[in-house]
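# Analysis of the macromolecular model
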Amino acid sequence: MSARLAGAGIRSLTFIIQTLGGSKMKKRTFYKLIVGTVAAGLTCGGALALTVKTAVAQTKVGFVYVGPIGDHGWTYRHDQGRLAVDKAFGDKVKTTYVESVKEGPDAERVIRQLASTGHDLIFTTSFGFMNPTLKVARRFPKVHFEHATGYKRDKNVSTYSARFYEGRYIAGVIAGKISKSNRIGYVASFPIPEVVRGINAFILGARSVNPKMSISVVWVNTWYDPGKEGDAAKALIDQGADIITQHTDSPAPLQVAENRGVKGFGQASDMIKFAPKAQLTAIINNWNPYYVARTKAVIEGKWASSDVWDGLKPGMVEMAPYTNMPADVAKLAKEIEEAIRSGKLHPFAGPIKNQSGETVVAAGQIADDGMLLGMDFYVQGVEGSLPK
Amino acid sequence: MIRLEPRGEVSRIWPLLTPLIAILLTLASGVAIFSAMGKDPGLALYTYFVQPVSTIYGVTELLVKAAPLVLIGMGLAIGFRANVWNIGAEGQFTIGAIFGGGFAIAFHDSDSILLLPGILFLGVLGGMVWGAIPAYLRTRFNANEILTSLMLTYVSILLLNYLVHGPWRDPGGFNFPESRIFSASAMMPTLIADSRLHLGFVFALLAILVGWLLLNRSVIGFQLRVVGQAPAAARHAGFSQNKLIWYSFLLSGGLAGLAGVAEVAGTIGQLLPTISPGYGFTAIIVAFLGRLNPFGVLLGGLVMALSYLGGEIAQIEIGLPAAVTGLFQGILLFFLLGCDALTHNRIKFSIAGRFVRI
Amino acid sequence: MDFVPFVLTVITASTPLLLAATGELVTERSGVLNLGVEGMMLVGAIAAFAAASATGSAILGVLAGAIAGIATATIFGFLTLTMLANQVATGLALTIFGIGFSALIGASFVGFALDPLPKLNIAGLSGVPVLGAIFFGQDALVYLSFGMLSAVAWVLTRTRLGLILKAVGESHDSAHALGHPVILIRYGAVLFGGAMSGLAGAYLSLAYTPLWAENMSAGRGWIALALVVFATWRPGRLLFGAYMFGAITILQLHAQGWGVVIPSQFMSMLPYLATVLVLVLISSDRIRIRLNAPQCIGKVFHPAQ
């Protein structure tokens, strides 16, 4: 009897998994429809050139992710970029990925595994993969490497990152216009320059329209713990913040904003589904064009090591529709977005003072990339002191 | 009804047969899962179990991955034998890396030959210090070590986090959360050219050997076994339980600390916010897969390491998501653990009132 | 700091811990140590989320969470109670399995939103100032967490079933000699633990943060396990432990908002350190602790012996 039960168990397990596979398939076809239209537009220029070189062997592109592709945050967006590559090149390119690779001893092995199995281009998408990427790159000079958010390069290692702070400045402007309590709650992950830069850009934007604005920061010491991120948002709202923003991965803080009747911003993806009444806009990480372009460069033999730090203009950072705000604020936000895109406005244009009132960027100057890259101070308007 | 009853005499065939059954069941479930995912099951199983070790380099990587698991697992096995529940090896691993790594950072410009021994020594010491806290709280205040050792793990990881984000961060690193890169003299030599195989695995083998001698040839080993198997007899014989608690924690903490420092001075070469993919917890499984036996721990560590490597390669080669490889790893462990009992027990089926024994 | 919203936040943070720990307490009282709480929670969370989004019914979601928890616990029960496998290792393997299995099922639910579990309005009193929202305006799972804890406390101390359960956990051989069905009782305790972990998972994906994302329990299963030890296997202390842990977690977030200058990493350590400290304080009474810890915990029972 038990044996029969076990048999039935295995059969039903198989059934469940098959059904899942089926539903996944459907989702993928559905997805192809969406991405197909976008990617077709993106690559129609390159497609012509490509059709001529059909005899070229398949190019293999590998991706190393720090989290699961199902995190709906950082890794999810990178995987969307991978799918865009799939879509753009079809059979000419084969993409593979390894997810949830922990920073530390495992990273080097995974990167090397990809390099030694015929991958021509490898994207390593977390800061902690920097040194392993360089180490493997020295051993595989013919393989092209792309490391996200790092600062070390080599002949066959490029770095790339996005100027998310441009989006945060716009979000700050909106917050400055909307807030009644003049207080922003910021759910932050770790005190790294990337996050500090975002906090500063946000308050600079907010104070550009309302000098009374202030930011209160809570560090949750994790990129990803929906419950804790949500709890931090609740604490900030309880302390008088009426705008919530976050530099962590899950939609939880925005959901809290929705439930508590305050406003917030989406992170990494458009999160309007999670907060139809609360999301003002979202800063979207869009790696798709970059991944497609770099793959194309490898196929055409034109890849060269580079340091790319793109923002709104090339579309690496995108803004979700401006919603849940008066028309004049939306109009202003669009104008600011356009001004940043055209280069008329720089979020870190002087004069900028740090917390103790010293001028760090003089009037008429713009913070250089070196200062932005290693930013380790708060500007005026941020409460508390930066953990060091 | 299925029921297990002890075999009268120790079986000669079953200890050999049970791993075989476990492997067959695993292969069968692998075939079911992988075909359900639309993959060629033969290729998938090959990718999972054979391909990782099909090259010399692959074998060295297996040993690199297994070394910390074996080191920690050996220490834990000794404690578990005496019913001392150190669940916080991950924390002792982390503090070992902090102690040793801190030394390497402090003397980053030194090329002294004493640097590496100093780093390793401090790593062991760090693990012992962190292991001593639950031991002290248990022996002095009767505080349960399961809770204290687990909670201290979270504390240690946050401490590492603080250090690499703050005082120990690389002055030339644009304020990114990472320490300086250790100098060459702070790093353990690699044993085989063009590989990452370092002294860590040698330490693991030594630990196994010493562990075996300790358990089978020493008085304290005898006491540990008696306390675990017959606590009442141990009390009667006047064995000091406090002594054994201290002993277990210092030993398992020290080995976990060594594993931690061997990772940073062996493969990583600097301190990062994340230095362990959960070795301290996985090593608990390793200890029990090996039935708390030193050579079993070695085997358990290798099996566990292979399942991680296989999972990665299966993602690369046949596009299986990490979720499936995790699921498969779980099932593999279920079969290994479930079949293990057959060594000492036999199954009694009762069908329509009649018993069938295997 | 406003008192009422603070308490409300603490309640949401503590409820999943209390639910899962209540189940594990019963499991451990029967002499079985199931370290797979984290895995069972995740499977419960995805099952609840999937069922609730497919049917639109929160009740069915909660039910699915509990059933999924039971199903996962069945694997553990079969391996450890029937196949006599090692409990510690099997529990850890169950966590690995649960993370993988929930991620596989959840792949098609990433990015979907749900309405949060409705707050109740008991006897129309949730609008009463100060106490109304706290005592009469919670969602059903919060009340259930208190109800189940009280029920467990009552069963353990006041019923024959509770006596038998404790007897099985204290000495399975004596219990067996007295004619109690040791394996059956333990199966019941393990499955109850699974159901409660599944409910804790359902609370995460339906009420706490109504969404699904991989590994969303983020270690709460481990905290629940530690809390059972903290409570020295007693329901009253479990309640205290879960709410103390929740309260300190929330308090340190508030403290950061006030501008406390201690590095945030040290603030994040507070709940763990406080738990250790309080455990040390309450553990000094050696005899009472020994009386409470189930003597047979983690040990294999051979029915034929």
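Heads up: these notes are all about the structure in this document. None of these values were measured; they are calculated from a predicted model.

## Observations regarding the overall build of chain A
Counting secondary structure elements, chain A contains 11 helices and 14 strands. By residue count, 62% of the 388 residues in chain A fall in the buried class. For chain A, contacts bridging at least 24 residues in sequence account for 66% of all contacts bridging at least 6.

## What about helix α11 (residues 279-289) of chain B?
Counted residue by residue, α11(B) has 10 buried out of 11 residues, so it is predominantly covered. Arg291(B) lies just past α11(B) and shows a positive phi near 50°.

## Side note on unusual backbone geometry
All names here are of chain A. Gly350 connects to Pro351 through a cis peptide bond whose omega is 0°. With respect to the helices, strands and loops of the structure, Pro351 is situated in the loop between α10 (327-342) and β13 (352-353). Unusually for a residue other than glycine, Asn182 sits at a positive phi of about 60°. Although it is not a glycine, Asn324 sits at a positive phi angle of roughly 55°. Position of Asn324 among the secondary structure elements: in the loop between β12 (317-319) and α10.

## Some thoughts on the sheet that holds strand β8 (residues 243-247) of chain A
Strand order across the open sheet formed by six strands is β7-β6-β8-β9-β10-β12 (chain A), with mixed pairing between neighbours. Single-partner strands in this sheet number two, and they are β7 (214-219) and β12 of chain A. In this sheet, adjacent strand axes meet at a mean angle of 20° when their direction is disregarded. Where strand β9 (residues 263-268) of chain A lies against strand β10 (residues 279-285) of chain A, four bridges are found, and the strand directions are parallel. By the bridge assignment for β10(A), Gln267(A) is matched with Ile283(A). Most of the contacts of helix α11 (residues 235-258) of chain C go to β7(A), to which it runs at about 145°, and overall it touches β6 (183-188) and β7 of chain A.

## Considerations on the interface of chain B and chain C
At the junction of the two partners, chain B supplies 46 residues and chain C supplies 46 residues. Here chain B packs against chain C, burying approximately 4200 Å² in sum over the two surfaces, 82% of which is carbon and sulfur. Of all residues in chain B, Leu147(B), Met151(B) and Phe334(B) give up the largest surface area on contact with chain C, accounting jointly for 16% of the area buried on that side. Connecting chain B to chain C are zero salt bridges.

## Brief notes about the nonpolar core
In this structure, Phe34(B), Ile72(B), Met151(B), Trp212(C) and Leu238(C) are the most contacted members of the largest nonpolar core, which totals 234 residues. Not counting chain neighbours up to four residues away, the residues in contact with Leu238(C) comprise Leu18(C), Ala21(C), Thr22(C), Leu25(C), Leu149(C), Leu227(C), Val228(C) and Ala231(C). With 77 residues, the next largest nonpolar core counts Phe89(A), Tyr97(A), Tyr160(A) and Val298(A) among its residues.

## Thoughts on a nonpolar patch on the surface
All names here are of chain B. On the surface, a cluster of nonpolar side chains totalling about 440 Å² of accessible area is made up of Ile56, Leu191, Ile192, Val202 and Leu206. Among the structural elements, Leu191 can be located in the loop between α6 (145-165) and α7 (199-217). By relative accessible area, which is 43% here, Leu191 ends up partly exposed.

## What to know about the side chain of Asn210(A)
All names here are of chain A. In this structure, Asn210 sits in the loop between α6 (193-209) and β7. For Asn210, a relative accessible area of 13% translates into the label buried. Contacts of Asn210, omitting those with residues within four sequence positions, involve Gly176 and Asn182.

## Some points on the pairing of strand β3 (residues 121-124) of chain A
Residues and elements named next belong to chain A. Burial of the side chains of β3 extends over both faces: Leu121 and Phe123 are buried on one face and Ile122 and Thr124 on the other. Two strands pair when backbone bridges link them, and strand β1 (residues 59-64) and β3 are joined in this way by four bridges, in the parallel orientation. From the neighbouring strand, Val64 faces β3, where its bridge partner is Thr124.

Rules used throughout
- Residues numbered from 1 in each chain as written.
- Chains lettered and ligands numbered in written order.
- Predicted model: local features only at pLDDT ≥ 70, side-chain atom pairs only at ≥ 80, totals over all residues.
- Heavy atoms only, no water.
- Helix = DSSP H or I, 4+ residues; strand = E, 2+ residues; numbered from the N terminus.
- Buried < 20%, exposed > 50% of the residue type's maximum accessible area, 1.4 Å probe, protein only.
- Contact = heavy atoms within 4.5 Å.
- Pairing = 2+ DSSP bridges.
- Axes fitted to C-alpha atoms, helices over the stretch in contact; angles between N-to-C directions.
- Buried area = accessible area lost by both parts, 1.4 Å probe.
- Salt bridge = Lys/Arg side-chain N within 4 Å of Asp/Glu carboxyl O.
- Core = buried A, V, L, I, M, F, W, Y, C linked by side-chain atoms within 4.5 Å.
- Patch = residues over 30% accessible without salt bridge, like charges linked within 9 Å, V, L, I, M, F, W, Y side chains within 5 Å.
- Areas by Shrake-Rupley, 256 points an atom, 1.4 Å probe, with all protein chains shown as cover.

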